[in-house]
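The lines below spell out each chain.
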Amino acid sequence: MSAKKTLQIALPVPLTGCFDYLYPGDTPPPRGCRVQVSFGRRTLVGLVHGHGNSDYPKLKAVQRVLDDSPVLPTELYQLCERAARYYHHPLGEVLNYALPALLRQGNDAEASQEKRWQLTERGHHVSDDQVSRAPRQRQALHTLRDHPKGLSSAMLAALEVPSATLASLRDKGWAEQVALDDDAPPKDILAQPPLAANAEQRKAIRALQEARGFTPFLLDGVTGSGKTEVYLQAMTAHLTAGKQVLVLIPEIGLTPQTVQRFRQRFAVPVVTLHSGLSDRERLDNWLAARDGKARIIIGTRSAIFTPLADPGLIIVDEAHDASLKQQDGFRFHARDLATWRAQQLDIPVVLGSATPALETLQLARQERFQWLKLSQRATDQGRPPIEILDGTLAAPGQPLLPQSLQAIKHCVEQGNQALVFINRRGYAPMILCQDCGWQAECRRCDSFLTWHRSEGSLRCHHCDYQQRVPSRCPDCGSSAIHEAGSGTEKLTELLEQSIQVPVIRIDRDATRRKGSLDAHLATIQQGNPVVMVGTQMLAKGHHFPKLSLVVILDMDAGFLSADFRGPEQAAQLLLQVAGRSGRENQGRVLLQTRHPDHPLLQLAASGDYPALASALLEERKMAGLPPFGHLALFRCEAMSMNKAMEFLQQLAGIPLPPDVHLLGPVPAPMERRAGRYRTQMLLQCTSRPPLHQAISLLLEQARTLPTARQCRWHLDVDPIDML
Ligand SMILES: Nc1ncnc2c1ncn2[C@@H]1O[C@H](COP(=O)(O)OP(=O)(O)OP(=O)(O)O)[C@@H](O)[C@H]1O
Ligand SMILES: [Zn+2]
């Protein structure tokens, strides 16, 4: 039998390698085109990876070719291939992740034509008398007359013009729908003049503007030093040269201000890419980036896979933020991919942060990244010092020390705003029986249940298990059930009792309703005295001009954590939260801690992040931990601890290349979650190639082990969350 021409297709399935399908036509579609195929009993959309020949008799033909030309540019396809290799994740799944949902589902890669309703020439001359008996039509005519450029159906709906009325106008020849013209590119890129940059900013801007080809930068600027202004001015040069700029930010929903600042400064089309968009909006924005219509693309981590027609610069803002790492499925780090992509595109990339990750700092120390520093605040105010207060002196049941409460009162009396930071939502993290010591625990996890008083429920923050609050102890029947500790809800209540101004709670519970976070932020921006109580949602990138006092509760856990990243992450959070204070008037920061003598906490509180980073880097070096050693974590979950252990133990028996250290398997720090037992095993090596070789060996084995089918397991390369 003679060999037939085949297509190698990368499919979104958790299996490595591509799948061969026959291609009956003459010119096979090139790499990167989508095809529809049948796979088992399913119909899948995959991407052409290559062309080959096969004489295997049972090959199926592709059902449909969906694209004439590749949906992903070569450069992006290569980025996906590199990511698939590095994270040892199936290429088909990576490519699938890189595509917007509508393309994954096989829809056309075409932007929706936005159409607008406009009056026709005749429509302009209709008198009110002609429609005196049709008030809706009269109203619609007036509305359209007020908007000579036309209105979209959505806008008309918002203005309460019914679509039936529009149809009547169309039938009379008074109104028509016209496709929106592509706006001609603006002559002037800037919509707003730049600020007068200070000397450090100027130096950084110049370096970024003058960079040619691949140049990675670390913009290391203290909170409030005006990093955004540096991005804006550096971007101007690239935009003027007709290039696009891709900006990654950790969580768009939390900081609408940031996107606004880009939109206000530039007169060019700006699009966003994040999970808050509809599938259609996402595809339209993706295509606008690919076709070069959008000049600035702002998105969260997945936006690193946006195709760009004329890439000029990549910016990763708040580059230390852990949300840049995907924590499930395809566990990539958008910060690292940003650097790879810039390298492939041969353009500059800048990672900006007030508290850079130790990995990034080390690259700057080794001069593999150009290190740009902003050591001063851009506004006239200096960074306020962090005052350490001994939290053990707080009265029972009262999370705030009298000094803290006094400072909050004083702050709002002066007409300013205060922020109380506590990284724990709910009313109290635990309830217990004072007679027998019973504590409310999750049935499915090794964790306590959090009391959400306003809902009258106990909730597990790990698996979402919920139950009602018992009125009596389930063990001894006593009614002496009390809470221990405090969360945002309790603090809000306590503050409302003792402070005269509004108390605004900002955490995931209080902002669940769409638009409620924006509404809260808008109230805060008005500048009237308020007290904000919030979790780390408040730590990220906000600029609250009137905020002059920050009180920080209970940061201790991070500094004492068993996770080697604990102190780094705690210090970053501490300095980010503290950095919100005193932007435009004299600020104050109070840190309540039960460990006022802890050396790392003291160092972090001194505000000297570089000194703290040096100390932590020294420890990491001794222990061979990142950035000096590289890690990969195998995690396993099963219905019993034995099964979860057995699988990893079998893997651990495989001989590994020398220099690769294997730690474990051991039960995970949180042994049980959502009813499953969890184990993990860590691979560690000072150089990457043997580590990746070891991973390949283990994965090959893992796929053949029968025990693998009795558990869920995955691999995490460069893990961030070790719990
Ligand atoms: N050269 C300048 N002159 C005057 N004001 C400036 C200048 N540069 C920046 N600012 C202002 O300083 C404030 C803080 O800037 P920005 O929010 O960019 O800081 P940041 O470095 O991003 O801080 P963070 O790390 O906390 O997000 C903003 O209100 C900004 O408009
Ligand atoms: Zn649970």
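What counts, and at which threshold
- Residues numbered from 1 in each chain as written.
- Chains lettered and ligands numbered in written order.
- Predicted model: local features only at pLDDT ≥ 70, side-chain atom pairs only at ≥ 80, totals over all residues.
- Heavy atoms only, no water.
- Helix = DSSP H or I, 4+ residues; strand = E, 2+ residues; numbered from the N terminus.
- Rg over C-alpha atoms; globule rule 2.2 N^0.38 Å.
- Buried < 20%, exposed > 50% of the residue type's maximum accessible area, 1.4 Å probe, protein only.
- Areas by Shrake-Rupley, 256 points an atom, 1.4 Å probe, with all protein chains shown as cover.
- Domains from an automatic or database assignment.
- Pairing = 2+ DSSP bridges.
- Axes fitted to C-alpha atoms, helices over the stretch in contact; angles between N-to-C directions.
- UniProt positions renumbered as here; feature names shortened; annotations may be inferred.
- Contact = heavy atoms within 4.5 Å.
- Core = buried A, V, L, I, M, F, W, Y, C linked by side-chain atoms within 4.5 Å.
- Phe/Tyr/Trp six-rings, centres within 6.5 Å; stacked < 30°, edge-to-face > 60°.
- Lys NZ or Arg CZ within 6 Å of the ring centre and 35° of its normal.
- Disulfide = S-S within 2.5 Å.
- Donors = N, O, S within 2.8 Å, 3.2 Å for Na, K, Ca; no water.
- Tetrahedral: all angles 85-135°; square planar, octahedral: opposite > 155°, others 65-115°.
- Expected span 1.5 Å × (residues − 1).
- Parallel < 35°, antiparallel > 145°, perpendicular 65-115°, else oblique.
- Nonpolar A, V, L, I, M, F, W, Y, C, P; charged D, E, K, R; others polar.
- Near = heavy atom within 4 Å.
- Polar contact = N/O pair within 3.5 Å; in protein donor to acceptor, adjacent residues only side chain to side chain.

1. Details of the overall build of the protein
Reasoning step 1: When you go through the protein residue by residue, the secondary structure sums to 22 helices and 30 strands.
Reasoning step 2: For a compact globule of 723 residues, the expected C-alpha radius of gyration is about 27 Å, and the protein comes in at 29 Å, within 12% of that figure.
Reasoning step 3: Every one of the 723 residues in the protein was classed for burial, and the buried ones make up 54%.
Reasoning step 4: Looking at the protein as shown, the accessible area adds up to about 33,200 Å², and 48% of this sits on carbon and sulfur atoms.

2. Side note on the domain arrangement of the protein
Reasoning step 1: Under the domain assignment used here, the protein contains domain 1 (4-104), domain 2 (115-179), domain 3 (199-374), domain 4 (386-427 + 486-618) and domain 5 (630-717).
Reasoning step 2: The gap between the C-alpha centroids of domain 4 and domain 5 is 38 Å.

3. Topic: the sheet that holds strand β19 (residues 450-452)
Reasoning step 1: Pairing is antiparallel across the open sheet formed by 3 strands, whose spatial order is β19-β20-β21. Here the strands that pair on one side only, and so sit at the sheet edges, are β19 and β21 (466-468). For this sheet, the mean inter-axis angle between neighbouring strands, taken without regard to orientation, is 30°.
Reasoning step 2: With 3 bridges connecting them, strand β20 (residues 457-459) and β21 associate as antiparallel partners. The residue of β21 that forms the bridge with L458 is Q467.

4. Some points on the UniProt feature "binding site: Zn(2+) 2" (unreviewed entry) in the protein
Reasoning step 1: Mapped onto this numbering, the UniProt entry gives "binding site: Zn(2+) 2" (unreviewed entry) at C442, C445, C460 and C463. Taking the farthest pair of C-alpha atoms as the criterion, the annotated set spanning 22 residues converges on one region, since that pair is 8.7 Å apart.
Reasoning step 2: By relative accessible area, C460 is classed as buried at 0%.
Reasoning step 3: Residues contacting C460, with those up to four places away along its chain left out, are C442, C445, S447, L449 and Y465.
Reasoning step 4: Its location among the elements puts C463 in the loop between β20 and β21.
Reasoning step 5: On the basis of relative accessibility, which here comes to 16%, the residue C463 falls in the buried class.

5. As for the UniProt feature "binding site: Zn(2+) 1" (unreviewed entry) in the protein
Reasoning step 1: UniProt tags C433, C436, C473 and C476 as "binding site: Zn(2+) 1" (unreviewed entry). What stands out for the annotated residues spanning 44 residues is how close their C-alpha atoms remain, the widest pair being 8.6 Å apart.
Reasoning step 2: Relative to the helices and strands, C433 resides in strand β18 (residues 430-433).
Reasoning step 3: Excluding residues that lie within four positions of it along the chain, C433 makes contacts with W438, C473, C476, S478, A480 and I481.
Reasoning step 4: Considering the arrangement of structural elements, one finds C473 in the loop between β21 and β22 (481-484).
Reasoning step 5: The buried category is assigned to C473, whose relative accessible area is 3%.

6. So, the nonpolar core
Soluble, globular proteins show a tendency: their nonpolar side chains are buried together.
Reasoning step 1: Counting 117 residues, the largest nonpolar core has F305 and I552 as the members making the most contacts within it.
Reasoning step 2: Discounting residues that sit within four places of it in the chain, I552 has contacts with F421, L574, V577, A578, V589, L590, L591 and Q592.
Reasoning step 3: Counting 31 residues, the second-largest nonpolar core is a separate cluster that includes A204, I205, V245 and V259.

7. Some remarks on the packing of aromatic side chains
Reasoning step 1: Taken as a whole and judged by the stated rule, the model has 14 aromatic pairs.
Reasoning step 2: With a centroid separation of 5.1 Å and an interplanar angle of 80°, the aromatic rings of F19 and F39 are classed as edge-to-face. With F19 in strand β2 (residues 19-22) and F39 in strand β3 (residues 34-39), the pair connects residues that are 20 residues apart, well separated along the chain.
Reasoning step 3: In this structure an aromatic cluster arises from ring pairing among Y86, Y87, Y97, F305, F330, F332 and W340.
Reasoning step 4: Residue placement shows R82 over the ring face of W340; its charged tip is 4.2 Å from the ring centre.
Reasoning step 5: Across the ring face of W371, the terminal group of K373 is positioned such that the distance to the ring centre comes to 4.1 Å.

8. Some details on the state of the cysteines
Reasoning step 1: Per the stated rule, a full pass over the model turns up 0 disulfides.
Reasoning step 2: Looking at C711, it has no disulfide partner, and the nearest cysteine sulfur is the one in C636, 3.5 Å off.

9. Some details on the coordination of the zinc ion (ligand 2)
Reasoning step 1: Bound to the zinc ion (ligand 2) are the protein donor atoms C442 (SG), C445 (SG), C460 (SG) and C463 (SG), situated 2.3 Å from the metal.
Reasoning step 2: The site at the zinc ion (ligand 2) holds 4 donor atoms, and with the angles between them running 105 to 113°, its shape is tetrahedral.
Reasoning step 3: Between consecutive donors of the zinc ion (ligand 2), the numbers of intervening residues give the motif C-x2-C-x14-C-x2-C. Here C445 is found in the loop between β18 and β19, whereas its partner C460 is found in the loop between β20 and β21, with 15 residues between them in sequence.

10. Examining helix α1 (residues 74-86)
Reasoning step 1: Here α1 is 13 residues long and its end C-alpha atoms lie 18 Å apart, about the 18 Å a rise of 1.5 Å per residue gives.
Reasoning step 2: Within α1, the full set of buried residues consists of E75, L76, Y77, L79, C80, E81, A83, A84 and Y86.
Reasoning step 3: Residues of α1 that are buried make contact with β4 (42-54), α2 (91-98), α12 (334-345), α22 (688-704) and β30 (712-717).

11. Here's the deal with the packing of helix α18 (residues 566-578) against helix α20 (residues 609-623)
Reasoning step 1: Direction vectors running N to C along α18 and α20 enclose 170°, while the axes themselves pass 11 Å from each other. When the axis of α18 is compared with that of α20, the two are roughly antiparallel. Counted together, P567, E568, A571, Q572 and L575 of α18 and Y609, L612, L616 and R620 of α20 form the full contact between these two elements.
Reasoning step 2: Partitioned by chemical class, the residues of the contact of α18 with α20 number 6 nonpolar, 1 polar and 2 charged.

12. Some remarks on the site of ligand 1
Reasoning step 1: The environment of ligand 1 is formed by 21 residues, the closest being A196, Q201, G224, K227 and R583.
Reasoning step 2: Side-chain polar atom of Q201 to a nitrogen atom of ligand 1: 2.8 Å apart, as the coordinates give it.
Reasoning step 3: At 2.9 Å, a backbone N or O of G224 approaches an oxygen atom of ligand 1.
Reasoning step 4: Taken by itself ligand 1 offers 640 Å² of open surface, and the protein chains cover 85% of this.
Reasoning step 5: Considering every element that reaches the shell around ligand 1, the biggest residue donor is helix α9 (residues 227-240), with 3 residues.
Reasoning step 6: Across the shell around ligand 1, the residue classes break down as 5 nonpolar, 10 polar and 6 charged.
Reasoning step 7: Counting residues domain by domain, the shell around ligand 1 receives three or more from each of domain 3 (199-374) and domain 4 (386-427 + 486-618).

13. Here's the deal with the sheet that holds β3
Remark on secondary structure: sheet strands pair via backbone hydrogen bonds, oriented parallel or antiparallel.
Reasoning step 1: Spatially, β2-β1-β4-β3-β5 is the arrangement adopted by the 5 strands of the open sheet, whose pairing is antiparallel. Looking along the sheet, the strands with just one partner apiece sit at the ends: β2 and β5 (64-65).

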